[in-house]
Protein chains: 2
Amino acid sequence: MEKRTLHTILSPRLLDLYDLTNAIVVIIDVFRATSTIATALNHGATAVYPVADVERCKQLGAELNAITAGERNGQVIEGLLHGNSPAEYPSTFIKGKQLVLTTTNGTKLLKMALDQGADKIITGSFVNLGSVCRFLENSEKNVVLACSGWKDRFNLEDTLFAGAVAEKISGQFDLNCDSTLMAKQMYRLHEKDMAVFIRNTSHWHRLKAFGLENDLEFCVTPGGAEVLPLYNPQTAALTAADLI
Amino acid sequence: MEKRTLHTILSPRLLDLYDLTNAIVVIIDVFRATSTIATALNHGATAVYPVADVERCKQLGAELNAITAGERNGQVIEGLLHGNSPAEYPSTFIKGKQLVLTTTNGTKLLKMALDQGADKIITGSFVNLGSVCRFLENSEKNVVLACSGWKDRFNLEDTLFAGAVAEKISGQFDLNCDSTLMAKQMYRLHEKDMAVFIRNTSHWHRLKAFGLENDLEFCVTPGGAEVLPLYNPQTAALTAADLI
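Residues numbered from 1 in each chain as written. Chains lettered and ligands numbered in written order. Predicted model: local features only at pLDDT ≥ 70, side-chain atom pairs only at ≥ 80, totals over all residues.

Q: Break down the relation of the copies chain A and chain B for me, with residues and values.
A: Between chain A and chain B, the superposition needs a rotation of 180° and an axial shift of 0.0 Å, giving an RMSD of 0.0 Å. Taken together, the turn and the small shift mark the pair as related by a two-fold rotation axis. Taking C-alpha positions as the reference, the residue of chain A nearest the rotation axis is Arg13(A), at 3.3 Å. (Least-squares fit on C-alpha atoms with pLDDT ≥ 70 in both.)

Given below as C-alpha cells:
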C-alpha cells in the first residue's frame, strides 16, 4: 500500500499548489486564533464560528445570541465584546456558550481550504498538539499542515507547530516535501527552548507591546487545551470532535 | 542612521509582499541556473541572456550568434545546443562567447523583480557566495534574497544559500524577518554537512536519476565560480560586474 503524503504550506499564497482532496487540512494560526479556538472549545464552548469580517461577526452574534470576539492589531474591535486571547475564555465564562470569532489570517485560510475541496478541516496549535496528532494518526487521509502566516508572509510560530506535528507522526507518511523537512528540523532545534526562541519572531515583537507575553507563552506550550476542533461545512462552525 | 533591511522570499509567489525599490534583489536558483550563470561568466562568457521560453532562446541565439542552452526535467531541450549544467561551460569552451539560457524558475523570478521596480538585480549561488556577500556589504541598499523554489514551492537549497548570505552579512541589517531568521538557522545547522544533507531534498531526488550528483555537489560548494553576475535592464543580459 502506498504511504500517505504529508505536506506543509508556509503561506496561504501557496495553498493552491497542493491537492487537498482526500486530505485533512490543519489550519495553523498559533498567535492566537487557533490557540483561542482550542481553549474555548476545551473549556466547554459548544461551537466556534470563524468569520472573516466584523460586520458578519456582529450579525451572526446577534442571530445566535453568541459571544462576539475579534481583534485587529492586538486590540478588541469596537462593537465586539471580547478579544482574541485564550485567557479570556475560562470555563466559568464560556461553558455552554457559542463564540463568533473574527480573525484575519486563520479565517481566510480556512475558507480557502474549504473552497479548494479539503476533505476535512481541523485547527491546531501547541495547546492541542496531542489531539491533532492522534486524530491524524488514526485517519487514513493525506495531511496538509497549513500555516496562516502574517498577511501571507512566512512566520516561525506556525512553522514550528507544523514541525512538531511532522516530528511526531511523519513515520506513517511519504515525506517528499522540503517545507516539512525544514519545519521538523526547526522544531527539533527549538523544542527545548521554545519559550525563549519565540521571542525572536516578528509576531512576538508586534504583540509584546500590548502586554501579551503570558498569552504568547501559553500559545507555544503543548497540552494546555487538548481538544480537536473539527469544521462542519454545513453549520460553518468548529466543534469539539470525539477522538477515536 | 537607520539600518538597512534584509528580507528573504521563499517563493516567487511572495515577492509582491515586499518593497523592492532601493533594494538589491539576489535571484537564487542553486539547482542549477544561478550556479551555471556564475560558472559561465567566471570562465569568460561575455554575457548571459536569461530567457523564459525555448522559442525566444533559439531566436536570440541566432541573432547574437550565441550558444543556446536549456533543460526541462534534466534533459537538454530539442533544438538547443547545451544543457543547464555548470560542467558544460569550461573556459576552453565558453570564453569570449555569449550564452542564451532558458530556465523556468529563475528566469521567471528575475522578470518579476524587474517589473516590480528592483533597484539592482544580481544572481547568487554557493559557487559565488563570497562575491555576492562582498557586493551587498559594500552597497548602501536594502537587500532582498529571492528564492526561486520549484514551481513556486519552497525548496531547501535556495533557502540554505539565502541563509549563508544572511549569516555572513546580517550584522549590517535590521533583521525583522522570520524567513531570514529561519534560513540562517538552517544554514548554521548544515554548514558542515551540506553535501550530505542536500541529498534529502526533493530536488536532489528529481535530478539524481539523471546522473547529476557531481553537478549538484558543485552547486552547493562555496567558491567554485567567484564572480558577480549583474543584470543590465537595457541589454537584458547578465555580465560580470567589477567588485568595489
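Structure shown, so let's carry the discussion forward.
Q: Run through the interface of chain A and chain B, naming residues and quoting values.
A: Contacts between chain A and chain B engage 24 residues on the former and 24 residues on the latter. Secondary-structure elements contributing two or more residues to the side of chain A that touches chain B are α6 (156-169), α7 (178-190) and α9 (202-208) of chain A. (Contact = placed C-beta atoms within 7 Å. Helix = DSSP H or I, 4+ residues; strand = E, 2+ residues; numbered from the N terminus.)

Q: With reference to specific residues and values, describe the confidence of the model for chain A.
A: With 99% of its residues at a pLDDT of 70 or more, chain A shows a mean pLDDT of 94. Here the predicted complex carries an ipTM of 0.95, next to a pTM of 0.96. (pLDDT = per-residue confidence, 0-100.)

Q: Any details on the packing of α6(A) against α7(A)? Residues and values, ideally.
A: Residues and elements named next belong to chain A. In contact at an axis separation of 7 Å, α6 and α7 are set at 95° when each is read in the N-to-C sense. On the basis of their axis angle, the class for α6 and α7 is roughly perpendicular. For the pair formed by α6 and α7, the contact residues are Thr 159, Leu 160, Ala 162, Gly 163, Ala 164, Ala 166 and Glu 167 on the first element and Thr 180, Ala 183, Lys 184, Met 186, Tyr 187, Arg 188 and His 190 on the second. Classifying every residue of the contact of α6 with α7 gives seven nonpolar, four polar and three charged. (Axes fitted to C-alpha atoms, helices over the stretch in contact; angles between N-to-C directions. Parallel < 35°, antiparallel > 145°, perpendicular 65-115°, else oblique. Nonpolar A, V, L, I, M, F, W, Y, C, P; charged D, E, K, R; others polar.)

Q: I'd like to hear about the pairing of strand β10 (residues 229-232) of chain B, residue by residue, with values.
A: On β10(B), burial follows the alternation: Pro229(B) and Tyr231(B) on one face are buried, whereas Leu230(B) and Asn232(B) on the facing-out side are not. The turn linking β10(B) back onto strand β11 (residues 237-240) of chain B is made up of four residues, and Ala236(B) within it adopts a positive phi angle of 60°. (Buried ≥ 20, exposed ≤ 12 C-beta atoms within 10 Å, placed from the backbone. Pairing = 2+ DSSP bridges.)

Q: Could you give me a rundown of the environment of Leu114(A), with the residues and numbers involved?
A: All names here are of chain A. Structurally, the position occupied by Leu 114 is in helix α4 (residues 105-115). Sequence separation between Leu 114 and Leu 17 is 97 residues; the distance between their C-alpha atoms is 15 Å. Contact partners of Leu 114, with chain neighbours within four places excluded, come to Ile 121 and Pro 233.

Q: Before we move on, could you go through the packing of α7(A) against helix α7 (residues 178-190) of chain B and cite the residues and values that matter?
A: At a closest axis distance of 11 Å, the pairing of α7(A) and α7(B) adopts a crossing angle of 80°. Classified by the angle between their axes, α7(A) and α7(B) sit roughly perpendicular to one another. Every residue of α7(B) that contacts α7(A) at Met182(A), Gln185(A), Met186(A) and Leu189(A) is listed here: Met182(B), Gln185(B), Met186(B) and Leu189(B). Considered class by class, the residues forming the contact of α7(A) with α7(B) number six nonpolar, two polar and no charged.

Q: Before we move on, can you summarise the environment of Asn232(B) with the specific residues and values?
A: Residue and element names in this part refer to chain B. Among the secondary structure elements, Asn 232 is positioned in strand β10. The spacing of Asn 232 and Leu 207 is 25 residues in sequence and 31 Å in space, taken between C-alpha atoms. Apart from residues lying up to four places away in sequence, Asn 232 is in contact with Ala 237 and Thr 239.

Q: Give a description of the environment of Arg199(B) that names residues and reports values.
A: If you trace the backbone, Arg199(B) turns up in the loop between α8 (194-197) and α9 (202-208). Since 13 C-beta atoms lie within 10 Å of it, Arg199(B) is described here as partly exposed.

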